[in-house]
Amino acid sequence: MLPSLRLANAHKPLIRFIGRRQWPSKPEEQHPHPFAPPELKQHFSDFLKKFESSSSAPSGGPSSATASSSASKSGAKGPVYQEFWQAPARLWKRELKDWEIELVQSGGASLH
């Protein structure tokens with residue numbers, strides 16, 4: 001008799017959703033955060049222009065010309081490598097020694 005009672009008193013969630021979910025068809029206009037500092041709010045249009053000009057640039061395949069031009073834009077010093085084999089051998093991945101693996105697994109708790 002208990003199973004039939006359980007079916008009669010089915011669980012009813014306390015939360016109710018009203019209406020259907022509706023998502024906007026277009027994203028809203030970009031604007032600065034309401035609590036942003038006043039100087040950032042004043043220059044937000046300049047930021048949008050720079051952002052749109054940088055994102056509209058065509059991205060080609062990996063090449064050294066692309067790497068060097070992106071490095072000069074970002075202000076990075078020295079060469080920028082697209083693939084690990086272009087970098088000097090001292091920067092390549094290497095096999096870890098057993099003591100290094102144990103050190104990482106212990107969380108750095110033991111240095112010996």
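Being a predicted model, the structure only gives us computed values, none of them experimental. (Residues numbered from 1 in each chain as written. Predicted model: local features only at pLDDT ≥ 70, side-chain atom pairs only at ≥ 80, totals over all residues. Heavy atoms only, no water.)

Colleague: Sorry if this is basic, but what is going on with the overall build of the protein chain here?
Modeller: Helix and strand content of the protein chain: five helices and zero strands. Listing each helix as α and each strand as β along the protein chain from the N terminus yields α-α-α-α-α. Working note: accessible area of the protein chain is about 11500 Å², and carbon and sulfur atoms make up 60% of it. (Helix = DSSP H or I, 4+ residues; strand = E, 2+ residues; numbered from the N terminus. Areas by Shrake-Rupley, 256 points an atom, 1.4 Å probe, with all protein chains shown as cover.)

Colleague: Hey, could you run me through the packing of aromatic side chains in this one?
Modeller: Pairs of aromatic rings are described using the distance from one ring centre to the other and the angle between the two planes. For the structure on display, the rule yields two aromatic pairs. Ring centres 5.9 Å apart and planes at 40° place the aromatic pair Phe 44 and Phe 47 in the tilted group. Highlighted residues: Phe 44 and Phe 47, both in helix α3 (residues 44-55), separated by three residues, approximately one helical turn. Residue classification places Phe 44 among the buried positions, given a relative accessible area of 18%. (Phe/Tyr/Trp six-rings, centres within 6.5 Å; stacked < 30°, edge-to-face > 60°. Buried < 20%, exposed > 50% of the residue type's maximum accessible area, 1.4 Å probe, protein only.)

Colleague: I keep staring at a nonpolar patch on the surface and nothing clicks. Help me out?
Modeller: Taken together, the side chains of Phe 84, Trp 85, Leu 91 and Trp 92 make up a nonpolar region of the molecular surface, amounting to roughly 480 Å² of accessible area. Its place among the elements puts Phe 84 in the loop between α4 (64-74) and α5 (98-105). Phe 84 gets classed as exposed once you look at its relative accessible area, which sits at 53%. (Patch = residues over 30% accessible without salt bridge, like charges linked within 9 Å, V, L, I, M, F, W, Y side chains within 5 Å. Salt bridge = Lys/Arg side-chain N within 4 Å of Asp/Glu carboxyl O.)

Colleague: Can you walk me through the pattern of salt bridges in this structure?
Modeller: Going through the model one piece at a time under the given rule, you end up with one salt bridge. In this structure, the salt-bridge partner of Glu 100 is Arg 94, at a minimum N-O distance of 3.0 Å. Residue Glu 100 is classed as buried on the basis of its relative accessible area, which comes to 14%. What makes Arg 94 exposed here is its relative accessible area of 52%.

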